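The chain contents come next:
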Amino acid sequence: ILFVQISERPLVHQESLPKLPVPPLQQTCSRYLASLEPLISAEEMTHTRELMDEFLRPGGIGERLQKSLERRARKTENWLSDWWMQWSYLDSRMPVAMYTSPGVVLPKMHLQDRQGQMRFAAKLIAGVLDFKSMIDSHTLPVEYLGGKPLCMDQYYQVLSSCRIPGPKRDTVVNYAVGKTPPTHITVVHNFQFFVLDVYNSDGSPLTVDQLYVQLEKIWNSSLQSNKEPVGILTSNHRNTWGKAYNNLIKDKTNKESVRAIQKSIFTVCLDAPKPRVSDEMYHNKVAAQMLHGGGSRWNSGNRWFDKTLQVTIMNSDIQGYSSRSEMVRTPMIPLAMPQKLRFNITPEIKKDIEKAKQNMNIMVNDLDVRVLNFTHYGRKFPRSYKMSPDAFIQMALQLAYYRMYQTCCPTYESASLRMFKLGRTEAIRSTTTESLQFTKAMDDPSKHNSEKAALLEEAIKVHRKHTHMAIHGQGIERHMLGLRMIAIEDLTSLPDIFMDTSFAVASHFNLYTSQVGSKTDCVMCLGPMVPDGYGICYNPMDDHINFAVTAFNSCEETNATRLSQFLEDSLLDMKTLLEQVSKTQ
């Protein structure tokens, strides 16, 4: 999905955005049943239909829940957004690294030495400050999709915000909205955190040269690499971190240091170099590094995973790292030394850090990350056949999975709800009766190519329709969640339809996928949603496609490398199929 930017005052648009609708109950329920067709047996389907008939009885429980949900929609700006934030993020107790937070790998920069790394970091900080000035002055260009303005609210939540752990539920605090918005960023190097003021006394942002000088000072005063990696605590299971956090901030110095990190505009991680790897392995290693830092021996302690925006700058090569300082030629007013944040490490905190290191290393060893740079074609190819590139890629994923397992699985694809006020995401269920017919036919020798191509076309058409419905607020997933949340609030027990095994089966997304389109040749990566599943992100460029595939090593059935191979073959075979059919027409 490509967003178009138009420079206009965004607040006017924000107010005029439509509210997220509540889809018709009958529509969602019949689409839910249709989404189960390829995933469950006929016997299970009969049982689920009976439960659905009961749920939809005139004057019954379904209608009551729907009315309550419609009432909530009338009374709130967005009936979903608060629930989604709580249920999907803050209530989740899994570690944020890998399970919640994605990593983005930007194109490789050839930073020859430490100075190159510093210079790049300085430019990057200056770039974020430019972005911040647009946020502060409310002049961020509004994005449009299909001629409709999109909600820009998320951009206003990214800077100066942080997740705060709680023993049972987390919170998010946005310090930008306070009386005195933060004027500093945090920089972490060799596990040591620094406060770097990024504005001059007259309110102007520091120049790239000034930032470079300050980063040099930070680097030179944090050369010892034997410090306790306090940041690794943020990678732990949320309940464990919640307890350790309360323990950590009992001490006044620790509390002030933690607050300085939480309040900072964002965090810059200057990573220690990792050993050289082959070109083939480079992208896999970097993607993993962005997700988790590579383990306690490397850079997992050089993070504060609770920060909303954390930028990691690595030098990929140990050699060439001890070069002498570069002279900066601009005459400058001397700037104060950035403040190093102190932590008092008690034996109990030391124990918490050791536990977090062990857990992180287990997670790092368990996650397999594969980046596939598919170079044979990009989004221009399906477009030349008047096919949606996204739907085409989703069908290739269906085919790859079917070839590997001889069955299909529940598949989740993120869709944007930003056409609506405070809209976040909806899910497209990519596995359909039509996608299964296509994947089964593809390797069936008794089927003609023309028939296979027709089935592919039909599956793509259905996917396009589902995508259109999802982004226009007519999806199944969030509506079902809303009905369930109302039931939890209003009823003594959950309706049977939500306790049904089919409901659990259909929500166990073995393929958790997201198109993250960008004009930059980058790729996002995220961990799987379930222990026996895959996390797949892709960025379709004109003539190539970047994929990142993750899986857990602890699951014998999954293998990110094999699925990537099947994916490459599927994309090539689908191209061949269309070319052969068009030749004979």
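A quick note: this is a predicted structure, and the numbers were derived from the prediction, not measured.

K.L.:
Give me the lowdown on the UniProt feature "domain: Choline/carnitine acyltransferase" (unreviewed entry) in the protein chain, citing residues and values where you can.
P.N.:
What UniProt calls "domain: Choline/carnitine acyltransferase" (unreviewed entry) maps, in this numbering, to residues 20-315 and 334-568. Between the C-alpha atoms that bound residues 334-568 there is a distance of 55 Å. The span itself is 46% helix and 19% strand.

K.L.:
Residue-level account of the sheet that holds strand β10 (residues 310-313), with values.
P.N.:
Read across the open sheet, the five strands follow the order β10-β9-β7-β8-β11; overall the sheet is mixed. The two strands at the open ends of the sheet, each matched to only one other strand, are β10 and β11 (339-340). Bridge count between strand β7 (residues 184-189) and strand β8 (residues 192-197): six bridges; the pairing is antiparallel. Each bridged residue has a counterpart across the sheet, and for I185 the counterpart in β8 is L196. Helix-sheet contacts for helix α8 (residues 208-220) involve β7, β8 and β9 (267-270), and the interaxial angle to β8 is about 155 degrees.

K.L.:
So what's going on with the pattern of salt bridges? Which residues, and what values?
P.N.:
In total, this model carries 24 salt bridges according to the counting rule given. Between D444 and K447 there is a salt bridge, and its shortest N-O distance comes to 3.6 Å. Via salt bridges that share partners, R163, D170, R238 and D306 belong to a single interconnected network.

K.L.:
Please set out the packing of helix α16 (residues 449-471) against helix α20 (residues 560-584) residue by residue, giving values where relevant.
P.N.:
Their axes nearest at 9 Å, the elements α16 and α20 cross at an angle of 120 degrees. Put simply, α16 runs oblique to α20. In this structure, α16 crosses over α20, and the sense of that crossing is left-handed. Side by side, α16 and α20 meet where N449, S450, K452, A453 and L456 of the first sit next to M574, L577, L578, Q580 and V581 of the second. Of the residues assigned to the contact of α16 with α20, the class counts are six nonpolar, three polar and one charged.

K.L.:
I'd like a description of unusual backbone geometry, backed by residues and values.
P.N.:
Backbone geometry at M98 places phi at a positive 80 degrees, although glycine is not the residue there. Within the secondary structure, M98 is located in helix α6 (residues 96-99). The class for M98 is buried, based on a relative accessible area of 3%. Notably, N190 is not glycine yet its phi reads approximately 50 degrees, a positive angle.

K.L.:
So what about the environment of S16? Which residues, and what values?
P.N.:
The topology assignment puts S16 in helix α1 (residues 10-16). Using a relative accessible area of 51% as the deciding quantity, one classes S16 as exposed. Spatially, the C-alpha atoms of S16 and P149 are 9.2 Å apart, while their sequence positions differ by 133 residues.

Rules used in this analysis
- Residues numbered from 1 in each chain as written.
- Predicted model: local features only at pLDDT ≥ 70, side-chain atom pairs only at ≥ 80, totals over all residues.
- Heavy atoms only, no water.
- UniProt positions renumbered as here; feature names shortened; annotations may be inferred.
- Helix = DSSP H or I, 4+ residues; strand = E, 2+ residues; numbered from the N terminus.
- Pairing = 2+ DSSP bridges.
- Contact = heavy atoms within 4.5 Å.
- Axes fitted to C-alpha atoms, helices over the stretch in contact; angles between N-to-C directions.
- Salt bridge = Lys/Arg side-chain N within 4 Å of Asp/Glu carboxyl O.
- Parallel < 35°, antiparallel > 145°, perpendicular 65-115°, else oblique.
- Left-handed = near helix turned anticlockwise from the far one by under 90°.
- Nonpolar A, V, L, I, M, F, W, Y, C, P; charged D, E, K, R; others polar.
- Buried < 20%, exposed > 50% of the residue type's maximum accessible area, 1.4 Å probe, protein only.

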